[in-house]
Amino acid sequence: MKQLLIVFTILFSFGIQAQTDQKIYDIIDAVSEERLRSDVKTLADFGTRHTLSDTLSETRGIGAARRWIKGQFETISKDCNDCLEVFYQKDLVEKGRNQRIVKDVMVVNVVAIQRGTTYPNRYIIMSGDIDSRVSDPTDFTSDSPGANDNATGMAGAIEAARVLSKYKFESSIIYLGLSGEEQGLFGGQGLAKYAKENNWDIIGVLNNDMIGNISGVDGVIDNRTFRIFSEAVTTDETDPEKLARQARGRRFYGGEVDGTSRQLARYIHKTTKTYMPEMNPMMVYRLDRFGRGGHHRPFNDAGFAGIRIMEAHENYTQQHQDIRTENGINYGDTFERVNFPYCKKLTAVNTITMASLASAPPSPKEVGIGGIVEPSAKLKWDKVEGAIGYKIYWRDTTSPTWDNSRYVADVTEFTLEGIVIDNFFFGVVAVGRDNHESVVVFPNKIMR
Ligand SMILES: [Zn+2]
């Protein structure tokens, strides 16, 4: 009986405590539907933003679009004492790299960095895409408003900069416009390479691609649900030895569904549930839609955590389509079809995630776990500079979310009595001021 009581005490005292920070609610409210509407309109009105389109005109083509985007970031920066570092990052992609590159093109990304006060070289990144396309991916002259795909993601990143630049954060935030997405993810590749060369410590990439459609081709109309796509494990594909070692380890110790991108997805899910409970975040356990791609992938390929945030119900008559009417159906990705209250909500999901992560200390780097043939699980981790405490999370092996937690103050190891290691997965976060937490780290060391 006594033992039973102990088990019960443990089970019920470790509930999820949702501690909140008022600043995060303010950051939700500050996102403006009107500014998103106006920016998506402006982007759609460049006629086409195809990666291979005109770069000289001031009113049409991707050149005009990217100059306008850069100008927006510069204006935002003026309003916050030059708090943004705004620049172009570009790479030449030569004709014939793939079938969609029918001439040499400079793929130009727009980068705006809000420098962190404590961890200037740690970055949480929100990206949208500058470019658009119609039915033929090499058609760079026809009207291609790309209102939902992906002026919504781009406008979201600009709006996030307007909102978050009013605050100071410990880590850096990057607002990013990527090009060359529709031609083969070239902008993301270029920026991921640039990040590696400059030794950026990337917390994660929130790739926003189509965040404004609520009326799906499946007939469902839904302004609450959105998808978070994440691959199971993210590893540096350029290091085959490490890949093989990690795969071997997962077989015996778990981690098949616990890579860094997946932890980032769970973080967004939890932050949304805490601060925007009216929303319905839907984690999808795949890299992206079935057989389709997005700009988080090149970051994943380079070993960085990255996920895709997206509407739940797509409408294919409004993606990658020539503007036309056929059999009574209006095709085309036009401005009127974007739902801005929903776009505002999904933008807010990004701003609260970035504000939380940029307010949190870094995750512990090394997390060890032990407890083989013992009635308890033991966790041990590196001390994190700036952390005021740590939280151990665990969950049933079949659960998608970190359902149980235990806060511990300033220690670097802890034993969960009565918790048998075999029956759960575990992770550790660092906790900072106002209870902001780092992303969960799945154990990467076994203690015997
Ligand atoms: Zn697209």
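One can find the structure itself at the top, above this paragraph.
So, here's what we can say about the structure. (Residues numbered from 1 in each chain as written. Predicted model: local features only at pLDDT ≥ 70, side-chain atom pairs only at ≥ 80, totals over all residues. Heavy atoms only, no water.)

This part is about the state of the cysteines. Each disulfide is one covalent bond, formed between the sulfur atoms of two cysteines. Taken as a whole, this structure holds one disulfide when the rule is applied. Each disulfide pairs two cysteine sulfurs, and for cysteine 80 the partner residue is cysteine 83, the sulfurs being separated by 2.0 Å. Given an S-S torsion of about -80°, the disulfide between cysteine 80 and cysteine 83 has left-handed geometry. Residue classification places cysteine 80 among the buried positions, given a relative accessible area of 11%. Look at cysteine 83 and you get buried, because its relative accessible area is 16%. (Disulfide = S-S within 2.5 Å. Buried < 20%, exposed > 50% of the residue type's maximum accessible area, 1.4 Å probe, protein only.)

Right, let's get into the layout of surface pockets. Regions of empty space are outlined by a rolling probe, equal in size to a water molecule, passed over the atoms. The space that makes up the largest pocket amounts to roughly 1,500 Å³. Gln246, Thr260, Lys365, Val441 and Asn444 are, among the 46 residues lining the largest pocket, the residues nearest its centre. Looking at the lining of the largest pocket, the elements that each hand over two or more residues are helix 7 (186-197), strand 5 (201-208), helix 8 (240-253), helix 9 (260-275) and strand 17 (445-446). A breakdown of the residues in the lining of the largest pocket according to their chemical character gives 21 nonpolar, 13 polar and twelve charged. (1 Å grid on protein atoms, 1.4 Å probe; cavity = no way out; pocket = protein on both sides within 12 Å on 5 of 7 lines; lining within 4 Å. Points joined across faces, edges and corners; volume = space filled by probe spheres on them. Helix = DSSP H or I, 4+ residues; strand = E, 2+ residues; numbered from the N terminus. Nonpolar A, V, L, I, M, F, W, Y, C, P; charged D, E, K, R; others polar.)

Formed by 67 residues in total, the largest nonpolar core has its most connected members in Ile69, Phe73, Leu164, Tyr175 and Met354. Ranked by residues supplied to this core, first place goes to helix 11 (residues 340-359) with eleven residues. Setting aside chain neighbours within four positions, we find methionine 354 in contact with Ile124, Ile125, Met126, Ala160, Leu164, Ile173, Tyr175 and Leu206. Grouped together as the second largest cluster of nonpolar side chains are 18 residues, Leu379, Trp381, Leu416 and Ile421 included. (Core = buried A, V, L, I, M, F, W, Y, C linked by side-chain atoms within 4.5 Å. Contact = heavy atoms within 4.5 Å.)

The coordination sphere of the zinc ion contains the protein donors Asp149 (OD), Glu182 (OE) and His320 (NE2), at a distance range of 2.1 to 2.2 Å. When the donors of the zinc ion are listed by position in the chain, the intervening gaps give D-x32-E-x137-H. Within this pair, whereas aspartate 149 is found in helix 5 (residues 147-164), its partner histidine 320 is found in the loop between strand 8 (306-311) and strand 9 (324-326), the two being separated by 171 residues in sequence. (Donors = N, O, S within 2.8 Å, 3.2 Å for Na, K, Ca; no water.)

Okay, a nonpolar patch on the surface next. On the surface, a cluster of nonpolar side chains totalling about 540 Å² of accessible area is made up of Phe252, Tyr253, Ile372, Val373 and Ile446. Here isoleucine 446 shows up in strand 17. (Patch = residues over 30% accessible without salt bridge, like charges linked within 9 Å, V, L, I, M, F, W, Y side chains within 5 Å. Areas by Shrake-Rupley, 256 points an atom, 1.4 Å probe, with all protein chains shown as cover. Salt bridge = Lys/Arg side-chain N within 4 Å of Asp/Glu carboxyl O.)

Under the counting rule described, the total for this entry stands at one cavity of 30 Å³ or more. Estimated volume of the largest cavity: approximately 40 Å³. Of the residues that constitute the lining of the largest cavity, the class distribution is one nonpolar, four polar and two charged.

The next point concerns the pattern of salt bridges. According to the stated counting rule, one finds 29 salt bridges in the structure shown. As a salt-bridge pair, glutamate 170 and arginine 433 come within 2.7 Å of each other at their nearest N and O atoms. Here arginine 433 lies in the loop between strand 16 (424-431) and strand 17 and glutamate 170 lies in the loop between helix 5 and strand 4 (171-178), a separation of 263 residues in the sequence. Classification of arginine 433 as exposed rests on a relative accessible area of 58%.

Shape descriptors only; they carry no functional weight alone.
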